[in-house]
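Geometric and topological summary
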Amino acid sequence: MTEHDIAVIAGDGIGPEVTREALRVLDAAADVYGFRTRRTSYPFGSEHYLETQEIFPDAAFGELRHKDAIFLGAIGDPRVPVGLIEYGIIARMRFELDLYINLRPIKLYDASLCPLKGKEPADVDMVIVRENTEDAYCGAHGFAHKGQPLEVATQTMIYTRAGVERAVRFAFELARERKRKHLTLIDKANAVRAQDIWTRTFAEVALEYPDVETDHAYIDAACMWMVKNPEWFDVAVTPNLFGDIITDLGAMIQGGMGIAASGNLHPGQVSLFEPIHGSAPKHAGKNQASPVAAILAAGMMLDQLGEKAAAAAIEAAVIELLRSRRLKGVGTGMHATSEVGDLVTAELRAARGVPSAR
Ligand SMILES: NC(=O)c1ccc[n+]([C@@H]2O[C@H](COP(=O)([O-])OP(=O)(O)OC[C@H]3O[C@@H](n4cnc5c(N)ncnc54)[C@H](O)[C@@H]3O)[C@@H](O)[C@H]2O)c1
């Protein structure tokens, strides 16, 4: 039986609660679809930092490279300086494990979840491919005359040909696999002239994919079209900063933070899967956060691990629960966090006729 070796960082706030339910669903999927997971839990996060002053020791970090996948709940706590732990854990994994693709499926599972008037599931079914290691996030920033009236602050947007090309190529490959085979480049090359490297790279790589229809939108227009005509998008590829922003807009049109999942990928190497929401401190410990985003992130992880049937079944279970109204929604307090785990595991088993007591 195949065994997948998974690192788990449940993290802070609602992270442990949603992770617990995602792992229950993972166990049910393993049982029903005949694979095993071996899991190592790491305690890192703000609580651990406050107790030990340790963020992510190198020895533990080194172990991650040998795992098949990493699952993350959420990181962040108001008692710790802003960004310290997020940078030390999430950004460190993205950069040092070279997780160069941030993959964000934006799929509306039920019309009731969408704040846009008249939009149906068929209208919202896209994937954003966000470049995940370059742009303004490289850390090339500085301050001169800090705190003085003439203070200067700079942050450099960095794009490399290799970095842009691998993201663009990934997006073309993904578009080629989908029914519509349509890929939009989203940038702001008219104003941010350095993004001309995206324009040129996209045009060159497109020549190798004549079966994929290409399109272009500036980021400001793309935000407008995503709200007005989300059905225009199939796959979109975009630099890191714009991707960070537009994927939250995408989360809202698919139903909010309680449902949006992501993968931070390095194809062929260890990759990281997480709900896109943060630690939502005000909801922590109340058993009221939606674990659906975490459950769908676990599904994305299984898909990448090659457990395609189990991954599809997790998504199908969530869709069935939402459309039958057994799952009323994905907002806080609509269901107990644990109840959602119960519903999804039961649905997974029922869909294959596997009894729950085994
Ligand atoms: N990847 C990560 O771990 C990650 C991502 C974003 C923010 N953060 C960190 O999380 C902390 C809190 O940030 P924030 O409050 O801006 O964002 P957040 O995503 O934690 O929460 C914002 C709001 O979204 C809703 N929400 C979030 N998760 C939900 C869920 N599972 N179910 C239902 N509703 C949910 C809640 O209304 C919540 O108040 C900060 O420290 C921030 O740095 C971490």
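Scroll up to find the structure.
These lines cover the structure that appears in this document, whether it is placed above or below. If you're wondering where the values come from, they're calculated on a predicted model, not measured in any experiment. (Residues numbered from 1 in each chain as written. Predicted model: local features only at pLDDT ≥ 70, side-chain atom pairs only at ≥ 80, totals over all residues. Heavy atoms only, no water.)

**Section: the sheet that holds strand β4 (residues 101-107)**
Spatially, the ten strands line up as an open sheet ordered β2-β1-β3-β12-β11-β4-β5-β10-β8-β9, and their pairing is mixed. Looking at the sheet topology across the chains shown, the edges are occupied by β2 (36-42) and β9 (213-218). In this sheet, neighbouring strand axes are inclined to one another by 25° on average, regardless of whether the strands run parallel or antiparallel. Against the sheet, helix α5 (residues 161-177) engages β4, β5 (125-131), β8 (182-187), β9, β10 (235-238) and β11 (261-265), with an angle of about 165° to β5. (Pairing = 2+ DSSP bridges. Helix = DSSP H or I, 4+ residues; strand = E, 2+ residues; numbered from the N terminus. Axes fitted to C-alpha atoms, helices over the stretch in contact; angles between N-to-C directions. Contact = heavy atoms within 4.5 Å.)

**Section: the site of the ligand**
Neighbouring the ligand are 22 residues, the closest being I75, E86, G278, A280 and S290. A distance of 3.3 Å separates a nitrogen atom of the ligand from a polar atom in the side chain of H277. Contact with the protein chains removes 67% of the 810 Å² of surface that the ligand exposes when unbound. Of the residues in the shell around the ligand, the class split is ten nonpolar, eight polar and four charged. (Near = heavy atom within 4 Å. Polar contact = N/O pair within 3.5 Å; in protein donor to acceptor, adjacent residues only side chain to side chain. Areas by Shrake-Rupley, 256 points an atom, 1.4 Å probe, with all protein chains shown as cover. Nonpolar A, V, L, I, M, F, W, Y, C, P; charged D, E, K, R; others polar.)

**A look at the nonpolar core**
Within the largest apolar cluster, 90 residues are counted, with the highest numbers of intra-cluster contacts made by L103, V129, F172, L183, W198 and L302. Considering every element that reaches this core, the biggest residue donor is helix α1 (residues 15-33), with ten residues. Ignoring anything within four residues of it in the chain, the contact list for L302 reads L26, A29, F35, E307, K308, A310, A311 and I314. Counting residues in each nonpolar core, the second largest holds 21 residues, with Y42, L64, L72 and M93 among its members. (Core = buried A, V, L, I, M, F, W, Y, C linked by side-chain atoms within 4.5 Å. Buried < 20%, exposed > 50% of the residue type's maximum accessible area, 1.4 Å probe, protein only.)

**Details of the packing of α1 against helix α11 (residues 337-351)**
When two helices pack together, their arrangement is given by the angle between the helix axes and by the axis-to-axis distance. One can describe the packing of α1 onto α11 by two numbers: an axis separation of 9 Å at closest approach and a directional angle of 10°. Viewed along their axes, α1 and α11 adopt a mutual orientation that is roughly parallel. Relative to α11, the crossing made by α1 is right-handed. Packed against α1, whose contacting residues are E17, V18, E21, R24, V25, A28, A29, D31 and V32, the element α11 presents T337, S338, G341, D342, V344, T345, L348 and R349 at the interface. The class makeup of the residues in the contact of α1 with α11 is seven nonpolar, four polar and six charged. (Parallel < 35°, antiparallel > 145°, perpendicular 65-115°, else oblique. Left-handed = near helix turned anticlockwise from the far one by under 90°.)

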